[in-house]
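# Structure at a glance
Residues per chain, in single letters:
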Amino acid sequence: MVPIVGIPCAFQAPQDKQGRGASVVSQSYLRALEMAGGAPMPIPITSQEDTLRALYGRIDGLLLAGGVDIDPSHYGESPHPALGEVDERRDWVELALTRWALADGLPVLGICRGIQTLNVAAGGSLWQDIAAQVPDALRHPYYPNYPYNRLSHSARLEPDSRLAKILGDLELEVNSLHHQAARDVGKGLRVTARSPDGIIEGLESQDEAWVIGVQWHPEWLIDDDLRMRRLFEAFVAAGEAHRGGKKT
Ligand code: MN
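Residues numbered from 1 in each chain as written. Predicted model: local features only at pLDDT ≥ 70, side-chain atom pairs only at ≥ 80, totals over all residues. Heavy atoms only, no water.

## What to know about the overall build of the protein chain
- Helix and strand counts for the protein chain stand at 7 helices and 13 strands.
- Referenced to the eigenvectors of the C-alpha coordinate spread, the extents of the protein chain come out at roughly 50 × 50 × 35 Å.
- In the protein chain, which comprises 248 residues, the proportion classed as buried is 51%.
- In the protein chain, the share of contacts with a sequence separation of at least 24, taken over all contacts with a separation of at least 6, comes to 69%.
- For the protein chain, the computed accessible surface area is about 11,300 Å², with 49% contributed by carbon and sulfur atoms. (Helix = DSSP H or I, 4+ residues; strand = E, 2+ residues; numbered from the N terminus. Buried < 20%, exposed > 50% of the residue type's maximum accessible area, 1.4 Å probe, protein only. Contact = heavy atoms within 4.5 Å. Areas by Shrake-Rupley, 256 points an atom, 1.4 Å probe, with all protein chains shown as cover.)

Pasting the structure below:
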């Protein structure tokens, strides 16, 4: 059976007076998962916990995608002036799913906003704006006027990390489309990658669970860099193993 990977959607505001808005997810993640042998399942914006529980029960892995900023109230801060747009409906859906996944050992892959969601769900905090709060940091937001696969800085990986084993390298050139990053690391997580300025670019679980977050966007690099393809393949394989474990 092909493992099913749930991807929480973003909320798109109503386009006219009659609209109720829409639940949307970028095709780039769906494509990367399909190429890796997984079946992506978008999880809609909902405020119903029963709905979310039912969908959660069907998935073998959780992909947390990129997007707008997480409301800083979720890590006990008030908004910094440089905070961007937030999406409270999406925050609620993703934080609930991520906490369930962490409790159950469900495989999780967090990308960009997704590594931040992972960290906040585990009790960590974020830099609300790297440029405003980390004076010596490199430039990290290369959007919207740059190719999404632009290699913008390097990342150094921890040799004993699951991430380094999957990618098979300790030094990478990565794309960078973010203005926030993990600050204090959440409970049960460890740092696996940093850019040269010390900004966290990778997190993973300290235990056996397949929980990995990356601050870059591997889904935009799979055509250029086979290592990024392996990350999605390893995630889908972990979902398959988790599904097998559920059945026995
Ligand atoms: Mn970066």
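Here the narrative resumes, following the displayed structure.
## Remarks on the side chain of Ser152
- Here Ser152 is to be found in the loop between helix 5 (130-133) and strand 8 (153-157).
- There is a polar contact of 2.9 Å between the side chain of Ser152 and the side chain of Arg150.
- With sequence-adjacent residues up to four places away left out, Ser152 is seen in contact with Tyr142, Val174, Asn175 and Ser176. (Polar contact = N/O pair within 3.5 Å; in protein donor to acceptor, adjacent residues only side chain to side chain.)

## Looking at helix 3 (residues 88-104)
- Taking 1.5 Å per residue, 17 residues should reach 24 Å; helix 3 reaches 24 Å between its end C-alpha atoms and fits that length.
- Considered for burial, the residues of helix 3 that qualify are Arg90, Asp91, Val93, Glu94, Leu95, Ala96, Leu97, Thr98, Trp100 and Ala101.
- Positive phi appears at Gly105, one or two residues downstream of helix 3, with a value of about 75 degrees. (Expected span 1.5 Å × (residues − 1).)

## As for the coordination of the manganese ion
- At 2.2 to 2.3 Å from the manganese ion lie its protein donor atoms, namely His140 (ND1), His153 (NE2), Ser176 (OG), His178 (NE2) and Glu201 (OE).
- Going along the chain, you hit the donors of the manganese ion in the pattern H-x12-H-x22-S-x1-H-x22-E. Of the two residues, His178 is situated in the loop between strand 9 (171-174) and strand 10 (181-182) and Glu201 in strand 12 (residues 200-205); the sequence distance between them amounts to 23 residues. Pair check on accessibility: His178 and Glu201 agree, each one buried. (Donors = N, O, S within 2.8 Å, 3.2 Å for Na, K, Ca; no water.)

By themselves, these figures tell us nothing about what the structure is for.
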